[in-house]
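# Structural overview
If you want the building blocks of each chain, they are given just below.
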Amino acid sequence: MGQHIQYSASPAMQTAGFRAAGLDGWSYELLDVPAESVPDAVGRLRDPGVAGANVTIPHKLAVLELCDDVEPQARAVGAVNTVVNDGGTLRGSNTDIGAIRGALTEVGVQPGPHVRALILGGGGSARAAGAALEGSRIVFALRRPAHPELPGDVVDWGERDALARDADVLINATPLGRSGEEPVAPANLPRAGAVIDLVYTPAGTPLQRAARDAGLRTVDGWSVLLAQGAASFKAWTGVEAPIDEMRAALGS
């Protein structure tokens, strides 16, 4: 459930998982929902034939308020990306947080007061990144005002370049890169840090390619998509996600 989400690779990934797990009656559909229709769309998730939903840009914060029960961590960050229909009761959680923690481990970043983190964006994914980096020195660079309060310092978008150069980890939690934009110019990438881009595209985003060319430790959006999707899969089905088949479906 999101808006303008025709790019999403989740249907192919989750469908491959259902088939590999023998869940032949299951399907995963895109719900492109305008903001004013979110309450009605969430209401339809209570149908007995619906196991739940993923939630993406820009509805993660709105859906949280419409769930009956929200796990504490998702409540703390103000964003839900996974909803489970438990007999008509909607339970919200956030599998992005664990996926981003895994990405931080992959690039060798152990959150703590010694880590300088720059997060681009202030939406649901950015908040999940902030939770994954709990205890670190976090700065959010925003293109527009954010609400509610973010778990770190906030600067204007124009200040991101100077901060990026000295960051231990840079996380792009904006949609920039999906259409070829550069959220940070290559010359302003971390001098000795790591880069995590939550955006995924078939050829890789400009940020991902520039980080690899610079020899930086980097994780792309495909890895994070797979990790959060596997956690959602288990939440809906009660079955361990068939990771290999889901990864193969992404072709990443």
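For the structure, check the block above.
Residues numbered from 1 in each chain as written. Predicted model: local features only at pLDDT ≥ 70, side-chain atom pairs only at ≥ 80, totals over all residues. Heavy atoms only, no water.

## Quick word on the packing of helix α9 (residues 221–237) against helix α10 (residues 243–250)
Where α9 meets α10, the closest approach of the two axes is 11 Å, and the angle between their N-to-C directions is 135 degrees. Viewed along their axes, α9 and α10 adopt a mutual orientation that is oblique. You can see that α9 and α10 cross each other, and the crossing is right-handed. Contacts from Trp222, Leu225, Leu226, Gly229, Ala230 and Phe233 of α9 reach α10 at Ile243, Met246, Arg247 and Leu250. Here the contact of α9 with α10 is built from residues that sort into 8 nonpolar, 1 polar and 1 charged. (Axes fitted to C-alpha atoms, helices over the stretch in contact; angles between N-to-C directions. Helix = DSSP H or I, 4+ residues; strand = E, 2+ residues; numbered from the N terminus. Parallel < 35°, antiparallel > 145°, perpendicular 65-115°, else oblique. Left-handed = near helix turned anticlockwise from the far one by under 90°. Contact = heavy atoms within 4.5 Å. Nonpolar A, V, L, I, M, F, W, Y, C, P; charged D, E, K, R; others polar.)

## Thoughts on helix α8 (residues 206–213)
Three- or four-residue spacings in an α-helix give side chains the same orientation, since the helix completes a turn every 3.6 residues. For α8, every residue scored as buried is listed here: Pro206, Leu207, Gln208, Ala210 and Ala211. On its buried face, α8 sits against β8 (169–172), β9 (194–197), β10 (217–219) and α9. Looking one or two places after α8, you find Gly215, whose phi comes out positive at around 75 degrees. (Buried < 20%, exposed > 50% of the residue type's maximum accessible area, 1.4 Å probe, protein only.)

## Re the side chain of Asn94
Summarising the element assignment, Asn94 is placed in the loop between β4 (89–93) and α5 (95–106). Here the side chain of Asn94 touches Ile97 through a polar contact of 3.3 Å, landing on its backbone nitrogen. (Polar contact = N/O pair within 3.5 Å; in protein donor to acceptor, adjacent residues only side chain to side chain.)

## What about the pattern of salt bridges?
Enumeration according to the criterion identifies 9 salt bridges in this entry. Ionic pairing is found between Arg91 and Asp69, a salt bridge with its closest N-O pair at 3.3 Å. Here Asp69 lies in strand β2 (residues 69–70) and Arg91 lies in strand β4, a separation of 22 residues in the sequence. Between Asp168 and Arg116 there is a salt bridge; the shortest N-O distance is 3.3 Å. Within this pair, whereas Asp168 is found in the loop between α7 (160–165) and β8, its partner Arg116 is found in strand β5 (residues 116–120), the two being separated by 52 residues in sequence. Looking at Asp168, the relative accessible area reads 23%, which means it is partly exposed. Salt bridges sharing partners connect three or more residues here, namely Asp69, Asp86 and Arg91. (Salt bridge = Lys/Arg side-chain N within 4 Å of Asp/Glu carboxyl O.)

## Let's talk about the sheet that holds β8
Taken in spatial order, the 6 strands line up as β7-β6-β5-β8-β9-β10 in an open sheet, and their pairing is parallel. The open sheet is flanked by β7 (153–156) and β10, the only strands paired with a single partner. Going across the sheet, the axis of each strand differs from the next one's by a mean of 20 degrees, ignoring polarity. Bridging between strand β6 (residues 137–142) and β7 involves 4 bridges; their strand directions are parallel. From the neighbouring strand, Ala141 faces β7, where its bridge partner is Val155. Sitting on the sheet, α5 is in contact with β8, β9 and β10, with an inclination near 145 degrees to β8. (Pairing = 2+ DSSP bridges.)

## Things to note about the packing of α5 against helix α6 (residues 124–132)
In contact at an axis separation of 8 Å, α5 and α6 are set at 60 degrees when each is read in the N-to-C sense. Judged by the inter-axis angle, α5 sits oblique to α6. As α5 runs across α6, the sense of the crossing is right-handed. Facing α5, whose interface residues are Asp96, Ile97, Ile100, Arg101 and Leu104, α6 presents Ser125, Ala128, Ala129, Ala131 and Ala132. The residue inventory of the contact of α5 with α6, partitioned by class, reads 7 nonpolar, 1 polar and 2 charged.

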